[in-house]
Amino acid sequence: MASPLLAETQSIVKQFEFTDDDVNKSVREFLRQMDEGLEKDGTSLSQIPTYVTGVPTGKEKGLYMAVDLGGTNFRVCSVKLNGDTTFNITSDKVAVPKELMVAKKAEDLFAFLAQQIKKFLEKHHGDHFEAHIRRRMTVSSPDGYKDEHVFRMGFTFSFPVQQVGINKGTLIRWTKGFDIPDAVGKDVCALLQTEIDKLHLPVKVAALVNDTVGTLMAHSYSSPGSQGSILGAIFGTGTNGAYLEKLSNLKKPLVGEYDTSTGDMVINTEWGSFDNQLNVLPNTPWDAALDKETPNPGFQMYEKRVSGMFLGELLRLVINDLMKKPDVSLFRDENSSTNDRRSTTDIAETSGIWKAWGVDTSILSHAAGDHTPKLSVLRETLQETLQISAPAFEDAQAFKAIAEAIGRRAARLAAVAIGAVVLKSGRLADPERADDTVNVGVDGSLVENYPYFEDMIYEALRAIEGIGEEGAKRIRIGLAQDGSGVGAALIALVAAGAEKNAPTEEILSELRQEARATAATAAVSDESDQVGATHSA
Ligand code: BGC
């Protein structure tokens, strides 16, 4: 088809090409920005110290809670670590109401989260919860509060946070469509603990966890040993990675206390903001247009080219531009004679194609996965999800080519981050570990659902200087199981172990005081009940 549609499509696809040279140049810049972030604050790649100083051995045991706020859903779970690399998890999930994502006050969102924790405890840990209520109401035993009665909870909060301790950190900025200015600069653990305390729940926020850190921990728990994971990465609604760095490379000052015995610390790179200054990132007109539509223009520039929240919108912007070109016929035919379905293409007014953020990224997966001769699966999907009726074969071909170009660029950019962290770990070049596998734990809807995403990452990894064919063979990218659940629980466990008596004592003494107060009130009301009883007799 030597049509204007084909010519335009080819030109667009070309603009989304990200060559091997581009990959290598970007890896070098990524390494530079990683080092810069280890030296000072306020850099593009934040390189946030997490105060987590080791990865698990697989032998960890106990019952912990974990909650996860990271995108569209809030999840509450309890995790039983069995101590043999396995675990059992119970969890509930609710959608975060849209209005709370942009609430006026931080309290509105965090009160909602605490309510969900309460519901979860009532539903799944009724005994523990009721015993707690009983203890609170028991006149005689305010001292009965024992440390083990309080659930330790890992709080997976997947936004950029300046951590100052294992369970303390201030929100730097919101991402992924959240926007509650009131919360910026505040300690998110304290915000949640305050709301939990208002409901008198037996829960202590013991650890603040980024989802990538959880992913790294979860992957290390289930594949421990000398081959343990070097990186936990998310390619989902957003993107980010956490890796183990030598403390001696961490030049910027650390304010909080931490264990120095391992000589390492997990760093949350916040690579979503890699190269906000666009030194090496590609920048098509559609990337620029998309950035302007977001609440955080100029930030998360890497994420906006890689992650699920944005790829659908990027595709929508390209398709809209293409439809506007007078000589190009896309999703538009004069009459049925030019349509292989014998009916005329029509796009409903309500179609998501006309609305900002109206195209879900999952359509890129449908496009990439359709290998039917007439692209019937994709055409069906266009009809069902975007109300484009009777799309012609050529339309679907163009749509598929553009969607694949966007997806392929995203995967090659993903390889830049993974490749850079692998190189930084020095594992491939270490002669003593020449036979070791280099494990990378990944999670997120893109790696899980986008066809060939991982293959395209490997293709780019092979092209990276210092990795090559041989190095790429040693890198094992594996899906991490439930980082935000089991990973967060593991960090809560580590944090609980490291807890000085003081903070725990503080909580317990508050609970005891409260019990004393309740006891006093109960005693008074008992007396009045008796009076009442006498009267009615
Ligand atoms: C956030 C990160 C998070 C990533 C993946 C990004 O938008 O800034 O903290 O790890 O999304 O969820």
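Residues numbered from 1 in each chain as written. Predicted model: local features only at pLDDT ≥ 70, side-chain atom pairs only at ≥ 80, totals over all residues. Heavy atoms only, no water.

An unreviewed UniProt entry lists the protein under the name Phosphotransferase, from Remersonia thermophila. Checking UniProt for the protein, the heading Pathway (unreviewed entry) contains the comment "Carbohydrate degradation; glycolysis; D-glyceraldehyde 3-phosphate and glycerone phosphate from D-glucose: step 1/4." The record held by UniProt for the protein lists under Sequence similarities (unreviewed entry) the comment "Belongs to the hexokinase family." (UniProt positions renumbered as here; feature names shortened; annotations may be inferred.)

Trainee: Where do I start with the sheet that holds strand 5 (residues 151–157) in this structure?
Mentor: Strands in a sheet are paired, the pairing made by backbone hydrogen bonds, and the direction either parallel or antiparallel. Strand order in the open sheet formed by 5 strands is 4-3-2-5-8, and the pairing between neighbours is mixed. Either end of the sheet is taken by a strand with one partner, and the two such strands are strand 4 (87–95) and strand 8 (203–209). Pairwise comparison of adjacent strand axes, ignoring direction, gives a mean angle of 20° for this sheet. Across 9 bridges, strand 2 (residues 61–69) lies against strand 3 (residues 73–82) in antiparallel orientation. In the strand pairing of strand 3, lysine 61 is matched with asparagine 82. Relative to strand 8, helix 6 (residues 188–198) is tilted by about 160°, and along the sheet it contacts strand 2, strand 5 and strand 8. Across the sheet, helix 7 (residues 211–222) is in contact with strand 3, strand 4, strand 5 and strand 8; its angle to strand 8 comes to roughly 95°. (Pairing = 2+ DSSP bridges. Helix = DSSP H or I, 4+ residues; strand = E, 2+ residues; numbered from the N terminus. Axes fitted to C-alpha atoms, helices over the stretch in contact; angles between N-to-C directions. Contact = heavy atoms within 4.5 Å.)

Trainee: Can you help me understand the site of the ligand in this one?
Mentor: Contacts to the ligand come from 15 residues, most closely from Thr175, Asn210, Asp211, Glu270 and Glu303. Threonine 175 has a polar side-chain atom sitting 2.9 Å from an oxygen atom of the ligand. For the ligand, an oxygen atom lies 2.6 Å from a polar atom in the side chain of aspartate 211. The cavity where the ligand resides is the largest pocket. Among the elements of the structure, helix 7 and strand 10 (239–246) are those that each provide at least two residues to the shell around the ligand. The residue makeup of the shell around the ligand, split by class, is 3 nonpolar, 8 polar and 4 charged. (Near = heavy atom within 4 Å. Polar contact = N/O pair within 3.5 Å; in protein donor to acceptor, adjacent residues only side chain to side chain. 1 Å grid on protein atoms, 1.4 Å probe; cavity = no way out; pocket = protein on both sides within 12 Å on 5 of 7 lines; lining within 4 Å. Sits in = over half its atoms within 2 Å of the grid points. Nonpolar A, V, L, I, M, F, W, Y, C, P; charged D, E, K, R; others polar.)

Trainee: Quick question: what am I supposed to make of empty space enclosed by the protein here?
Mentor: Over the atoms rolls a probe the size of a water molecule, and its path tells where empty space is left. On inspection of all chains with the given rule, the structure shows 1 cavity of 30 Å³ or more. In this structure, the largest cavity spans a volume of roughly 50 Å³. Lining the largest cavity are Phe157, Phe159, Val161, Gln163, Leu208, Val209, Asn210 and Asn268. Sorting the residues of the lining of the largest cavity by element identifies strand 6 (161–165) and strand 8 as the ones contributing at least two each. In terms of residue class, the lining of the largest cavity is made up of 5 nonpolar, 3 polar and no charged. (Points joined across faces, edges and corners; volume = space filled by probe spheres on them.)

Trainee: Just checking my understanding: could you explain the sheet that holds strand 1 (residues 48–49) for this structure?
Mentor: Sheet architecture is open: 6 strands sit in the order 1-11-10-9-14-15, paired in mixed fashion. The open sheet is flanked by strand 1 and strand 15 (475–479), the only strands paired with a single partner. Across 5 bridges, strand 14 (residues 438–443) lies against strand 15 in parallel orientation. Residue valine 440 lies in a different strand from strand 15, and its bridge partner there is isoleucine 477. Packing against the sheet, helix 7 makes contact with strand 9 (231–235), strand 10, strand 11 (264–268), strand 14 and strand 15, and its axis sits at approximately 130° to strand 9.

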